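Tertiary structure, described
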Amino acid sequence: MAAPPAPDPSSASEPLTRAVLDVVRQTYVELHRRAPRVAIGTRSTLDRDLELDSLARVELVLRLERAFSVRMPDAVLESAENCGDLVRLVAAAGPARMPTPPPRAAAVEPAAATLPVEAQTLTEVLDWQVQQHADRVHLRHVEDPLDAGEGQSLAYGELRTRACRIAGGIQGRGLTRGASVSIMLPTGVDYFATYFGVLLAGCVPVPIYPPFRPSQVEEHVMRHAGILDNAQAELMITVAAARTVAQLLSSRVGSLRHVATVAELERSPLQYAAVALRADDVAFIQYTSGSTGAPKGVVLTHANLLANIRGFGAAAQIGADAVIVSWLPLYHDMGLIGAWLSSLYYGVPLIVMSPLAFLARPERWLWAIHRFRGTHTVAPNFAYELCLKRIDAASLEGLDLSSLRVAANGSEQVLADTLERFGQRFAAYGLDARALLPVYGLAECSVGLLLPPPGRGLRVDRVQRDPLMREGRALPAADSDPGALRFASCGAPLPGHEVRIVDAHGAICGERVEGRLEFRGPSATRGYLRRPEQTRKLFDGDWLDSGDRAYVADGEYYITGRIKDIIIRSGRNLYPDELEDAVGAVPGIRRGCVVALGISDPALGTERLTILAETRETDAAARQRLHAAAVAAVVDRIGEPPDTLVLVPPRSVLKTSSGKLRRSATRERFMAGTLGRASGSAQWQVLRLALASAPRLLARAAGRLRALVYPAWVWCLFALIAPLTWLLVAALPRPSAVWAVVGVAARLLLRGCGVRLTVDGGDHLLRDQACVLVANHASYVDGLILVAALHGPYRFVAKRELLGSWIAGVFLRRLGCEFVERFAIQRSVEDARRLVAAVEGGASLIVFPEGTFTALPGLLPFHLGAFVVAARTGARVVPVAIRGSRALLRAGSWRPGRAAVAVTVMAPLETPAAPADAFAAAVVLRDAARQRIQASIEPPASR
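Here is a short report on the structure shown in this document. (Residues numbered from 1 in each chain as written. Predicted model: local features only at pLDDT ≥ 70, side-chain atom pairs only at ≥ 80, totals over all residues. Heavy atoms only, no water.)

Quick look at the side chain of Thr301
- Here Thr301 is to be found in strand β10 (residues 297–301).
- On the basis of relative accessibility, which here comes to 6%, the residue Thr301 falls in the buried class.
- Apart from residues lying up to four places away in sequence, Thr301 is in contact with Ala279, Asp280, Asp281, Val282, Ala283 and Arg526. (Helix = DSSP H or I, 4+ residues; strand = E, 2+ residues; numbered from the N terminus. Buried < 20%, exposed > 50% of the residue type's maximum accessible area, 1.4 Å probe, protein only. Contact = heavy atoms within 4.5 Å.)

Quick notes on the sheet that holds strand β7 (residues 233–238)
- Overall, parallel pairing links the 4 strands, which are arranged β6-β5-β7-β8 in an open sheet. Of all the strands in the sheet, the pair left with one neighbour each is β6 (204–207) and β8 (258–260). Ignoring strand direction, the axes of neighbouring strands in this sheet form an average angle of 25°.
- Two strands pair when backbone bridges link them, and strand β5 (residues 180–184) and β7 are joined in this way by 5 bridges, in the parallel orientation. (Pairing = 2+ DSSP bridges. Axes fitted to C-alpha atoms, helices over the stretch in contact; angles between N-to-C directions.)

Considerations on the packing of helix α5 (residues 122–133) against helix α7 (residues 189–200)
- α7 packs onto α5 with a crossing angle of 115° between their chain directions and a minimal axis gap of 10 Å. Our pair here, α5 against α7, has a crossing hand that is left-handed. From α5, Leu122, Thr123 and Leu126 reach across to α7, where they touch Tyr195, Phe196, Leu199 and Leu200.
- A breakdown of the residues in the contact of α5 with α7 according to their chemical character gives 6 nonpolar, 1 polar and no charged. (Left-handed = near helix turned anticlockwise from the far one by under 90°. Nonpolar A, V, L, I, M, F, W, Y, C, P; charged D, E, K, R; others polar.)

Examining helix α20 (residues 620–638)
- Given a rise of 1.5 Å per residue, 19 residues ought to cover 27 Å, and the 27 Å separating the end C-alpha atoms of α20 matches this to within 8%.
- The set of residues buried in α20 consists of Ala622, Leu626, Ala630, Val631, Ala633, Val634 and Ile638.
- Put simply, Asp619 is the residue that caps the front of α20, since its side-chain oxygen is 3.2 Å from the backbone nitrogen of Ala621. (Expected span 1.5 Å × (residues − 1). Polar contact = N/O pair within 3.5 Å; in protein donor to acceptor, adjacent residues only side chain to side chain.)

Quick notes on the packing of aromatic side chains
- Tallying each qualifying case throughout the model produces 24 aromatic pairs.
- A ring pair is formed by Phe426 and Tyr429, whose centres lie 5.9 Å apart and whose planes are at 45°; its orientation type is tilted.
- Summarising the aromatic geometry, the rings of Phe862 and Phe867 are spaced 6.4 Å apart at their centres and angled 10° between planes, so their arrangement reads as stacked. No difference in accessibility class separates Phe862 from Phe867, as the two residues are buried.
- A connected cluster of aromatic rings, assembled from ring pairs, spans Trp327, Phe358, Trp365, Phe382, Tyr384, Phe422, Phe426 and Tyr429.
- The ring centre of Tyr528 lies 5.2 Å from the NZ or CZ of Lys296, which sits over that ring.
- Against the face of Phe862 rests Arg930, its NZ or CZ located 5.8 Å from the ring centre. (Phe/Tyr/Trp six-rings, centres within 6.5 Å; stacked < 30°, edge-to-face > 60°. Lys NZ or Arg CZ within 6 Å of the ring centre and 35° of its normal.)

Notes on a nonpolar patch on the surface
- Where nonpolar side chains cluster on the molecular surface, the patch consists of Trp715, Phe718, Tyr780 and Trp894 and spans about 440 Å² of accessible area.
- Note on placement: Trp894 falls in the loop between α28 (885–888) and β36 (901–905).
- According to the relative accessible area criterion, Trp894 is exposed, its value standing at 53%. (Patch = residues over 30% accessible without salt bridge, like charges linked within 9 Å, V, L, I, M, F, W, Y side chains within 5 Å. Areas by Shrake-Rupley, 256 points an atom, 1.4 Å probe, with all protein chains shown as cover. Salt bridge = Lys/Arg side-chain N within 4 Å of Asp/Glu carboxyl O.)

Digging into the pattern of salt bridges
- One pass over the structure, following the stated rule, counts 41 salt bridges.
- Here Arg25 makes a salt bridge to Asp22, at a shortest N to O gap of 2.9 Å. Placement of the pair is Arg25 and Asp22 together in helix α1 (residues 14–32), with a separation of 3 residues, close to one helical turn.
- In this structure, the salt-bridge partner of Arg549 is Glu514, at a minimum N-O distance of 3.4 Å.

Looking at the sheet that holds strand β12 (residues 350–352)
- What the 7 strands build is an open sheet, ordered β4-β3-β12-β11-β13-β14-β15; its pairing is mixed. Every interior strand has two partners, whereas the edge strands, β4 (152–155) and β15 (436–438), have only one. Adjacent strand axes in the sheet meet at a mean angle of 20° when their direction is disregarded.
- Direction of pairing for strand β13 (residues 376–379) relative to strand β14 (residues 406–409): parallel, over a ladder of 4 bridges. Paired with Thr377 across the strands is Ala407, a residue of β14.
- Helix α6 (residues 156–172) contacts β3 (137–141) and β4 of the sheet and is inclined by roughly 85° relative to β4.

Regarding unusual backbone geometry
- The phi dihedral of Arg373 is positive, around 55°, even though this residue is not glycine.
- Assignment of secondary structure puts Arg373 in the loop between α14 (363–372) and β13.
- A relative accessible area of 32% places Arg373 in the partly exposed class.
- Positive phi values are uncommon outside glycine, yet Arg512 reaches one of about 60°.
- Within the secondary structure layout, Arg512 lies in the loop between β20 (498–502) and β21 (515–520).
- Among the residues examined, Arg512 registers a relative accessible area of 18% and is labelled buried.

Printed below as a string of structure tokens:
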């Protein structure tokens, strides 16, 4: 991704530059609660120098807009790298405008009363919706709901049409069933069509997030190279602007052979070939966020996703009049499954915005609910908190949230205080606080697992701190207890799913006893992709370990924290969230950039409480005071000091793309002594990645060169043999002599190309009587292979269009081919009569009953023509199976490959009926021949 151009000093006045820097400086002081140690100038970077994360950038942009009465573009959150960029953008920004309530969209026509309950795959769900209402709008992509435009819409039929074109482009690049395809696209209608295009091609989608800023390119590449390598992705679909990142990834991932844009795939000339999908086929590889370790690929099937969608929809009461509103990223399960695929299944509209649109102006989420009468939405806790902190009353004038029935809060720790304050503030805008629902889910259960009953409202449990920390007992606390812990109920399991709480020995915990949450049900994954050891650890019999601790009270479940994150110190469970919150409140320490870790100490036989806190402070005395204040904050919270508290430089604490702390990765870097090393500029990061990839690139270039040598040799050999063969064929008088010459030339060519040809069942060939040989068709070279394998003469049946080529026409006529018309019905009838006469005259035919071939493995449907000829003449049908030819020269490619080829001639089929019943006999012959050929060409594991 290219960095924005450097600001032009002449484009902004000196007073404006000083004023912008004043706002930046004031924001810095308030965010970090200290004065900057160095002067802030136009070259000061927003991330390294000013330590601004995504949410801090939102605050800064909001202040700049208010200070200068301008409206800055959303892209400033991604593109601005330094203060000079901010000066340039403020100077170029248009005047601010007071938000006015957008016109309400027309009421949505209720969805179909029935649902695709018989559908076993997502593609069947889409087909069902297309059959019901192809022209109905499925979703709207809205950039800003405050604008008058309706956004970009996508109907069900258009979604499928575009997906088919993309599927053809994927198949045209040689990807076969089960291949992994990485989707690195921003939110937009292209994303939805691409996801289904991958499914229709028989491949497996692997969504990853696009790079947000140039300064993060190194971390992005390093993180996603591991994901793509684990997925063995063969194709990445992305936007043109991300090609540099895609190429860097390709250089580090050996399987990644293709990078393409959506437009390039849609322009492919290859027509999509349908692939039969099953319920147990993989529909999605969801890579975990990596907040508790290296990302793992959760394998989810069509059956898993549909079970979760049906269960969540029933629990959340998604009715025919529902409207779902979402800004969640589509590379994450909650946005992809919880919002989009749920709307697809229930046939209700989806209003979708990009995450950037929400971050830039959180009020857009609420206005989208207002404008389109949204009934269901879902977001992490931070989104509700952002609305409370970043939206002023003037931006909400006229807002109506009365249509909202379910506002789910999930994906990260749910804070009861956040939901209570959200409900109180937005009650004035029609929000029914009972719509606010804490939910719990995880990728290993597709997305959702626990949900309270809609309309019930928030239920909060106050428990005594010390019994929970020391004994794992969640005893109710008195209202007067100032140290009580508060947990929000996440309700009960989805229909068809089960949850239990077990102790360290696997025994079921009693009421209000904290333990490990395990689950099972139809949404549960079968494991992690190519991670057998981690998959083994995931399962406890047929139960799956969630990795979270929880307790049950009155039939409802309360999540207390991640098992890997909870610190066990001297028999006491310490919850990192509250420690991080306490230290983050100390002036001089970055809130949200504190991590509490448990580091095993074998000498003590317990874990050491280690806290890493980011600060920019460099003065020794000031750092000593800051350290003491942070330790005191921990003592105030839990009554004991930490074993270790380290002040680290900015950008030391690692986070996921969604802002979650990556505690395990931070622990690893801390123990390795590499924490806090600066990444450097985007240019240096790209240069380091390129240099590190150089050996791989050179090896790949050498491999490509070697790959070109073989095709070049094949075509040179063909150029030597083909002209001489053609001249001999044109001169020879008899078809038998022609067939003999062509057979020798074909065998010579195959041998010269290193192709090993084996022929089995030659004794089944009928030498003394006319017959019809039918063979599968997989490659351009199938005819050449049969000529090399069978000692003729036989007559190939070929399409009449080949007569239009003088070179091919002369060759095929001399070989004795019979030509047939594929399009003109009257001519086709005459050709059929001619073929019958040829067989009755003693000629044996070779027919490819599929009529054509594709790059994908498997048989196409057989045409009846050859079998009708056999039935009418009484000639026996001889099935012939060709294996390996597709790899030699597949459809859409003129680059030969290496492969061994086997031809199997099977026992002749008996004509099952008298010629008078030719049609019925032809159907029986066709089905019997296809069954035999299919059994011969498919490996046993796929049958």
